[in-house]
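Here's the letter readout for the chains.
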Amino acid sequence: MTTPAFIQVDGLEKTFPAPMGQAPVTVFQNLDFEIEKGEFVCLIGHSGCGKSTILNILAGLDAASDGYVFMENKELTGPGLDRGVVFQGHALMPWLTVRENVAFAVKSRFKRHSKDEVNAQVEKYVDMVGLTPAIDKKPHQLSGGMRQRVGIARAFAIEPKMLLMDEPFGALDALTRGVIQDELLAICQATEQTVFMITHDVDEAILLADKILLMTNGPFAEVAECAYNPLKKPRSRQEMHHDGHYYPFRNHLMDFLVNGPGTPYGEKTQPQETVHTEPEPAPGPRQVVNG
Amino acid sequence: MSQSLSLRAGIVSILLLLAFIGAWWGATLPTQVDLGDMDPEYAAMMGLDSVQESDIPTPGDIGSAIWTHLSDPFYVKGSNDMGIGIQLAHSLWRVLAGFALAALVAVPLGFLIGMSPLMHKALDPYIQILKPISPLAWMPLALYIIQDASISSIFVIFICSIWPMMVNTAYGVASVRDDWLAVAKTLEVGPIKKAFKVILPAAAPTILTGMRISMGIAWLVIVAAEMLVGGTGIGYFIWNEWNNLDLANVIFAILLIGVVGMILDMIFGLLGKVVSYKEV
Ligand SMILES: Nc1ncnc2c1ncn2[C@@H]1O[C@H](COP(=O)(O)OP(=O)(O)OP(=O)(O)O)[C@@H](O)[C@H]1O
Ligand SMILES: [Mg+2]
């Protein structure tokens, strides 16, 4: 037996109680997957299949109806500082400045830190997302992308064992999204952070993820496939489509989303060398499923 | 542009005031009474004069009343003759005491109602019944139980200030955004810190609005309460001057009540600005 994974999800199921006179809804069931330490895992699936619910269960904000989540062999039963959450709507407190927002998290995590130590930690992570010039601004004075970066800094600043991100870039334009993706990629590669991220964007998943979980549609959704990213690290947005694995893998993911589950990736024929000659994608908005 | 707008508005305000005072002055001019062929001596004996002073005070009368009161506001010459500043201080003290006591009760209770749907449902019938009661209706009961006019007035202020503050606090607390609470949860923030660092600042603008409404009502009610129980205060002052048939003093007191009410409202407006935030 190999050593158990960092996160183990075992037979997870979520059923919402019946609204008056209707049958209860089982959103997903029989979920089994694992996340290794240092791994970047993306979850892709159509809207409403229960992705946010899964992330909330991992964060301890929601309870599963059945099944277990283990983290380092201990069952997860509630929220905790060992997991940092980047919320879909950034969830910054608008009455606090950037510095105070991040400090709120740092003080909760490092209760014995002195003022200077808190400040140093705050400034380090604000700098990491490139927001030092805006550190004393309130959220309403920032752009959408900057707010999302504060959310990321806040999650990183508590130095969690795992980062949970629910469509962190969903509300951003393609250009800003790309810039922040690059930043996130660099930070995660430098810190070997374990990440679980929900996305609608296939290219985002290919760029960032080591492993992509593909979910079928709800109700009774399941993780139908766990695809390992064949593109070698380090990946970059500019170079990634020159990789021979890029198009076959991307097509595979798109097929899954459009046509439903098929043969798992890798069990098909390996990509041919000729794929290098495929034309560059037309410039324009990236493919977003159900975005 | 906006500067010139407020300038023009100011000019219009002043013109309106001048027009009003002018009309007032015109309406209260002494009237020439036609005494016909009455013997002037007989007329004087009957208290009639060819020049009849108006019953209603003129702008000049009000001006001199203002001057008299403001030039010596703090004298005390006996229980029925005190400077306007002293009377005002009595009223303000009652309002502030009743308001502060109400805040001490309403804000924590509002927190409880806002956080607990059970308490919300359990207390709602009482609040709904108590809220529409005119605060002055409590006065006889208060006087009987407390046996002190001044404290009874404070109680009446307490009871009328409590509802807007409580209802607004409960509403503000209940509508704190879920994602801020989720942030607090994931950071394992304790209940006390959550209440003071997340819920209170999030609900503060709504709470302050409730306080502003309460203060407005309290200032309305204190005048009536003091008219009722007498003794001291700006309300009693008005009633007393009415009994003296000194309408100039009554009008002066009315103006003063308006000015003080406006200042109280402005203070709460400023406090509200301090705690407000722009949602994003
Ligand atoms: N409190 C609830 N009561 C009943 N049903 C719920 C509740 N919360 C969520 N659901 C249902 O659970 C399903 C999954 O919701 P969830 O938010 O996890 O979807 P999602 O995959 O994150 O979708 P999206 O991609 O649009 O964010 C939805 O069909 C939703 O209708
Ligand atoms: Mg979602």
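Here we summarise the structure given alongside this text. Bear in mind the structure is a predicted one, so any value in this text is a computation, not a measurement.

## Some remarks on a negative patch on the surface
Turning to step 1, where the next piece is worked out: Judged by side-chain charge, A:Asp10, A:Asp32, A:Glu34 and A:Glu36 come together as a negatively charged surface patch.
Turning to step 2, where the next piece is worked out: Its relative accessible area of 38% is what places A:Asp10 among the partly exposed residues.

## Side note on the sheet that holds strand β1 (residues 7–16) of chain A
Residue and element names in this part refer to chain A.
Turning to step 1, where the next piece is worked out: Reading across the sheet, the four strands line up as β2-β1-β4-β5 and stay open at both edges, with antiparallel pairing between neighbours. What marks the edges here is a single partner per strand, and that holds for β2 (25–35) and β5 (74–75).
Turning to step 2, where the next piece is worked out: Two strands pair when backbone bridges link them, and strand β4 (residues 66–71) and β5 are joined in this way by two bridges, in the antiparallel orientation. Bridge pairing in β5 places Phe70 opposite Glu75.

## With respect to the pairing of strand β7 (residues 162–166) of chain A
All names here are of chain A.
Turning to step 1, where the next piece is worked out: Burial within β7 is extensive, with five of its five residues counted as buried.
Turning to step 2, where the next piece is worked out: On β7, burial covers both faces: Met162, Leu164 and Asp166 on one face and Leu163 and Met165 on the other are all buried.
Turning to step 3, where the next piece is worked out: As paired elements, β7 and strand β8 (residues 194–198) share five bridges and run parallel to each other. Of the residues in β8, the one forming a bridge with Met165 is Met197.
Turning to step 4, where the next piece is worked out: At this point the chain moves from β7, through helix α5 (residues 174–191), to the parallel β8, and the crossover so formed is right-handed.

## Examining unusual backbone geometry
Residue and element names in this part refer to chain A.
Turning to step 1, where the next piece is worked out: Residues Lys233 and Pro234 are joined by a peptide bond in cis, for which omega reads -5°.
Turning to step 2, where the next piece is worked out: With respect to the helices and strands, the residue Pro234 is situated in the loop between β10 (223–228) and α7 (246–259).
Turning to step 3, where the next piece is worked out: Its identity is not glycine, yet His90 carries a phi of approximately 55°, on the positive side.
Turning to step 4, where the next piece is worked out: Along the chain, His90 falls in the loop between β6 (83–86) and α2 (98–109).
Turning to step 5, where the next piece is worked out: Assessed through its relative accessible area of 10%, His90 is described here as buried.
Turning to step 6, where the next piece is worked out: Its identity as a non-glycine residue notwithstanding, Glu167 has a phi of 40°, on the positive side.
Turning to step 7, where the next piece is worked out: Within the element layout of this structure, Glu167 appears in the loop between β7 and α5.

What counts as what
- Residues numbered from 1 in each chain as written.
- Chains lettered and ligands numbered in written order.
- Predicted model: local features only at pLDDT ≥ 70, side-chain atom pairs only at ≥ 80, totals over all residues.
- Heavy atoms only, no water.
- Patch = residues over 30% accessible without salt bridge, like charges linked within 9 Å, V, L, I, M, F, W, Y side chains within 5 Å.
- Areas by Shrake-Rupley, 256 points an atom, 1.4 Å probe, with all protein chains shown as cover.
- Salt bridge = Lys/Arg side-chain N within 4 Å of Asp/Glu carboxyl O.
- Lys, Arg positive; Asp, Glu negative; His and termini not counted.
- Charge placed at Lys NZ, Arg CZ, Asp CG, Glu CD.
- Buried < 20%, exposed > 50% of the residue type's maximum accessible area, 1.4 Å probe, protein only.
- Pairing = 2+ DSSP bridges.
- Helix = DSSP H or I, 4+ residues; strand = E, 2+ residues; numbered from the N terminus.
- Right-handed = clockwise from strand over helix to strand, strands pointing away.

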